[in-house]
Amino acid sequence: MRDALIFDSGVGGLSVSAEIRRWLPQLGLDYVCDNAALPYGTKPDAWLVARTVEVCLAACAESRPRALVIACNTASTLALEALRARLTIPVVGTVPAIKTAGEASRSRVIGLLATSATLKRSYLQRLVTDFAADCRLVGVAADTLVVAAERKLAGGELDPEALAAALMPLWREPALDTVVLGCTHFPLLRAELEAQAPRPIRWIDSGAAIARRLGQVLDVAPLAAPAATLPAVTTGTSWATGADATGLATALAGFGFAPPRPLPTVAAVPADTAISDID
C-alpha cells in the first residue's frame, strides 16, 4: 500500500509529485499516466469521465493507495464526482490557482496560462468571481506549452521563439504582475518561462496547495518550509496505458519513479474519440 497515487494524462502530474515530495517527503508516491489517450482536451466530456474512472480504478487496484490525486485540470473538472462515488479513499483534485493569484497581485491584473479546453470551462469564471472579482484576468491559450513540457522531460530541445510567441499576449498588459500556470505541465517549464518575462512576475501554480490538501486528508503535517531540492526517495511505481514512445521512462526517472509498467484491464482508445483542442 502506498500513501498516494498521482494521475495525469501525461507528465504534467510530475510537477505536482515534486511539490508533494518537497512538502511531504515522508509520503510514498506512485504515478499513473494515461498517455494512450493524450491529449485529453481532444476528447468528448462523457468519454473522458468514463476513461478517467476506468484508468484510476485500475491503477488504484494495483497501487492500493491511501489517497488519489487527480493532477489534471480537465479530469478534475469532469470526473471528481464520479471517482468519489466509486472509491472509498480521498480524491484530491486540481484547479487553477486563481485564489492565490488574487491574493498576491498588487496591480489587480493577473494572467492565466492555460489550455484552450480549460479556458472554455465555466468553472473558471466561478473561480474568478469567488476569489478574484476585483481583478482583471488575461487568459492566454498556451496549448503549445503542453507539447513543450513533454518534449523537455523526454530530453528534447525547446524552441525559445515558440515560447516567446506563446507568452507574448501577457506582455501586452503593462500592469500585469502575476501569472497563474493553469496546467500541471506548465510548472515543468518554470525556468524557461521566467527567462522570457520582460519584468519581474509572480508565477503561481497549484502544486503547493495540492500538497497541503493531501496532507490534510492523510492527517500528515507538511514541513514548515518546502525542501529546496527534491529529497532522495525510494523509487515509486508507475504505470502507463500506452507505449513509451516519447521518453516517458526518462521523465519519470527524473522525479523518482521506476519505468512505467503496462496498466492491465484498460481498454484501447478508439480512433474516433478526438474532436478538438489540447489539454
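Residues numbered from 1 in each chain as written. Predicted model: local features only at pLDDT ≥ 70, side-chain atom pairs only at ≥ 80, totals over all residues. Heavy atoms only, no water.

Asker: Give me the lowdown on the nonpolar core, citing residues and values where you can.
Answerer: Grouped together as the largest cluster of nonpolar side chains are 55 residues, with contacts concentrated most on Leu14, Ile20, Leu113, Leu145, Leu170 and Trp203. In this structure, Phe7, Ala59, Leu87 and Trp239 belong to the second largest nonpolar core, which totals 25 residues. (Core = buried A, V, L, I, M, F, W, Y, C linked by side-chain atoms within 4.5 Å. Buried < 20%, exposed > 50% of the residue type's maximum accessible area, 1.4 Å probe, protein only.)

Asker: Quick one: what's the story with the packing of helix H2 (residues 45-63) against helix H3 (residues 73-86), residue by residue and with numbers?
Answerer: Two elements in contact, H2 and H3, have axes separated by 9 Å at closest approach and are oriented at 55 degrees. By the criterion of interaxial angle, the relationship of H2 to H3 is oblique. Judged by the twist between their axes, the crossing of H2 over H3 is right-handed. Touching Asp45, Leu48, Val49, Thr52, Val53, Cys56 and Leu57 of H2 are Thr74, Ala75, Leu78, Ala79, Ala82, Leu83 and Arg86, all from H3. Here the contact of H2 with H3 is composed, by residue class, of 10 nonpolar, 2 polar and 2 charged. (Axes fitted to C-alpha atoms, helices over the stretch in contact; angles between N-to-C directions. Helix = DSSP H or I, 4+ residues; strand = E, 2+ residues; numbered from the N terminus. Parallel < 35°, antiparallel > 145°, perpendicular 65-115°, else oblique. Left-handed = near helix turned anticlockwise from the far one by under 90°. Contact = heavy atoms within 4.5 Å. Nonpolar A, V, L, I, M, F, W, Y, C, P; charged D, E, K, R; others polar.)

Asker: Give a detailed account of the packing of helix H1 (residues 13-23) against helix H10 (residues 207-218), specifying residues and quantitative values.
Answerer: Where H1 meets H10, the closest approach of the two axes is 8 Å, and the angle between their N-to-C directions is 55 degrees. Relative to H10, the element H1 lies oblique. Here H1 runs over H10; the crossing is right-handed. Counted together, Val16, Glu19, Ile20 and Trp23 of H1 and Gly207, Ala208, Ile210, Ala211 and Leu214 of H10 form the full contact between these two elements. In the contact of H1 with H10, the residues fall into 7 nonpolar, 1 polar and 1 charged.

Asker: Let's hear about H2: which residues, and what values?
Answerer: Given a rise of 1.5 Å per residue, 19 residues ought to cover 27 Å, and the 26 Å separating the end C-alpha atoms of H2 matches this to within 8%. Regarding H2, the residues found buried are Leu48, Arg51, Thr52, Val53, Val55, Cys56, Ala58, Ala59, Cys60 and Ser63. Contact partners of the buried residues in H2: strand S1 (2-8), strand S2 (29-33), strand S3 (65-70), H3 and strand S9 (238-240). Directly after H2, the chain includes Arg64, whose backbone phi takes a positive value near 55 degrees. (Expected span 1.5 Å × (residues − 1).)

Asker: An account of the sheet that holds strand S4 (residues 91-92) is requested, with residue identities and associated values reported.
Answerer: Taken in spatial order, the 6 strands make up an open sheet running S4-S3-S1-S2-S9-S10, and their pairing is parallel. Where the open sheet ends on each side, the last strands, each with one partner, are S4 and strand S10 (261-262). Where H2 meets the sheet, its contacts fall on S1, S2, S3 and S9, and the angle it forms with S1 comes to roughly 155 degrees. Strands in contact with H10 are S1, S3 and S4; relative to S3, the strand with the most contacts, it is inclined by about 155 degrees. (Pairing = 2+ DSSP bridges.)

Asker: Explain the sheet that holds strand S5 (residues 109-114) to me, and be specific about the residues and the numbers.
Answerer: Whether parallel or antiparallel, the strands of a sheet pair through hydrogen bonds between backbone atoms. Taking strand neighbours across the sheet as the criterion, the 4 strands line up as S6-S5-S7-S8 in an open arrangement whose pairing is parallel. For this open sheet the edge positions go to strand S6 (136-141) and strand S8 (202-204), each flanked by a neighbour on one side alone. Pairwise comparison of adjacent strand axes, ignoring direction, gives a mean angle of 20 degrees for this sheet. Pairing of S5 with strand S7 (residues 178-181), which is carried by 4 bridges, proceeds in the parallel orientation.

Asker: Quick one: what's the story with the environment of Leu24, residue by residue and with numbers?
Answerer: Within the secondary structure, Leu24 is located in the loop between H1 and S2. The sequence separation of Leu24 and Arg190 amounts to 166 residues, and the corresponding C-alpha distance is 21 Å. In this structure, Leu24 is in contact with Ala211, Gly215, Val220, Ala221 and Pro222, ignoring residues within four places of it in sequence.

Asker: Describe the pairing of S5, and please don't skip the residues or the numbers.
Answerer: The side chains of a regular strand alternate, first on one face of the sheet and then on the other. Within S5, 6 of the 6 residues are buried, leaving the element largely enclosed by the surrounding structure. Neither face of S5 is open: one carries Val109, Gly111 and Leu113, the other Ile110, Leu112 and Ala114, and all of them are buried. Relative to S6, S5 is paired through 6 bridges, and the arrangement is parallel. Each bridged residue has a counterpart across the sheet, and for Leu112 the counterpart in S6 is Gly139.

Asker: Can you tell me about the pairing of S1, naming the residues and giving the values?
Answerer: Of all the 7 residues making up S1, 6 are buried; the element is thus mostly covered by neighbouring parts of the structure. Here 5 bridges tie S1 to S3, and the two strands are oriented parallel to one another. The residue of S3 that forms the bridge with Ile6 is Val69. Both S1 and S2 contribute to a ladder of 5 bridges, which runs parallel. By the bridge assignment, Ile6 is partnered in S2 with Tyr31. Taking the sense of rotation as the criterion, the β-α-β connection linking S1, H1 and S2 turns out right-handed. (Right-handed = clockwise from strand over helix to strand, strands pointing away.)

Asker: Run through the pattern of salt bridges, naming residues and quoting values.
Answerer: By the definition in use, this model includes 11 salt bridges. Linking Lys152 and Glu192 is a salt bridge whose minimum nitrogen-to-oxygen distance equals 3.1 Å. Taken together, the residues Lys152 in helix H7 (residues 143-153) and Glu192 in helix H9 (residues 190-196) connect sequence positions 40 residues apart. Glu192 gets classed as partly exposed once you look at its relative accessible area, which sits at 23%. For the salt bridge of Glu194 with Arg190, the shortest nitrogen-to-oxygen distance reads 3.0 Å. Note that Glu194 and Arg190 are positioned in helix H9 at a spacing of 4 residues, about one turn of the helix. A relative accessible area of 29% places Arg190 in the partly exposed class. Each of Arg190, Glu194 and Asp205 takes part in salt bridges that share partners, so that together they form one network. (Salt bridge = Lys/Arg side-chain N within 4 Å of Asp/Glu carboxyl O.)

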